[in-house]
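# Close look at the chain arrangement
Below are the chains, spelled out letter by letter.
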Amino acid sequence: MPSVPDAAGLLAPGAVRLDGRAAGRDDAVRQCGRLLVEIGAVREAYVDSMLDRERSISTYLAEGVAIPHGTAAGKDAVLRDALAVVRFPEGTDWNGETVTLAIAIAARGDGHIAILTELAQILLDPERARRLREAATAEDIARLLRPAEEGETAL
């Protein structure tokens with residue numbers, strides 16, 4: 001079974017926007033999806049799949065972070081596994097929750113499960129989640145998405 005790269009390994013340098021503004025959840029999801037399209041990870045149809053997923057099950061995770069991703073039917077529009085990160089410094093309404101960071105996932109096959117698990121582990125640490133929400137550069141975000149080695153903290 002091939003190994004799944006760590007989350008940071010799926011984050012291309014051009015896949016981070018730190019100054020997003022969104023009118024709400026659907027606008028935020030569209031921005032995340034367009035970023036995945038721009039970096040060549042997905043076709044445009046994947047954006048609709050992400051909206052379909054969000055309308056059926058919220059991808060809000062915790063700590064002001066959402067992880068929008070497509071439905072199983074949308075996998076055909078995924079060209080390669082990738083992440084895209086959009087930070088909304090002013091926050092955006094996500095079905096009653098305020099999201100300041102959206103980590104969009106594009107994955108072929110079942111790769112998204114390992115990515116979701118890894119992201120959940122990162123976000124279970126409130127301090128690490130805070131650092132991720134407040135990261136000032138794309139490099140900081142990539143560093144925080146790397147699994148922490150035993151006994152060390154990221155960043």
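Below you will find a few notes about this structure. (Residues numbered from 1 in each chain as written. Predicted model: local features only at pLDDT ≥ 70, side-chain atom pairs only at ≥ 80, totals over all residues. Heavy atoms only, no water.)

## Digging into helix α4 (residues 126–134)
Residues of α4 that are buried: R128, A129 and L132. For α4, the buried positions fall inside an angular range of 100° around the axis, keeping them on one side. Of the residues flanking the start of α4, the one acting as N-cap is D125, its side-chain oxygen 3.0 Å from the backbone nitrogen of E127. (Buried < 20%, exposed > 50% of the residue type's maximum accessible area, 1.4 Å probe, protein only. Helix = DSSP H or I, 4+ residues; strand = E, 2+ residues; numbered from the N terminus. Arc of directions from axis to C-beta. Polar contact = N/O pair within 3.5 Å; in protein donor to acceptor, adjacent residues only side chain to side chain.)

## As for the pattern of salt bridges
On inspection of all chains with the given rule, the structure shows 9 salt bridges. For R133, the salt bridge is made with E63, and the minimal N-O distance between the two is 3.4 Å. One end of the pair, R133, is in helix α4; the other, E63, is in the loop between β2 (60–62) and β3 (65–66), with 70 residues separating them in the sequence. R143 is the partner of D140 in a salt bridge, and the nearest nitrogen-oxygen pair spans 2.4 Å. Taken together, the residues span about one helical turn, with D140 and R143 both in helix α5 (residues 138–145) at a distance of 3 residues. By relative accessible area, R143 is classed as partly exposed at 31%. Taken together, the shared-partner salt bridges connect E127, R130, R131 and E134 into one network. (Salt bridge = Lys/Arg side-chain N within 4 Å of Asp/Glu carboxyl O.)

## Side note on the sheet that holds β2
Strand order in the open sheet formed by 5 strands is β1-β4-β5-β3-β2, and the pairing between neighbours is mixed. Two strands lie at the open edges of the sheet, namely β1 (11–17) and β2, each paired on one side alone. Bridging between β2 and β3 involves 2 bridges; their strand directions are antiparallel. When the sheet's bridge partners are listed, A62 is paired in β3 with V65. (Pairing = 2+ DSSP bridges.)

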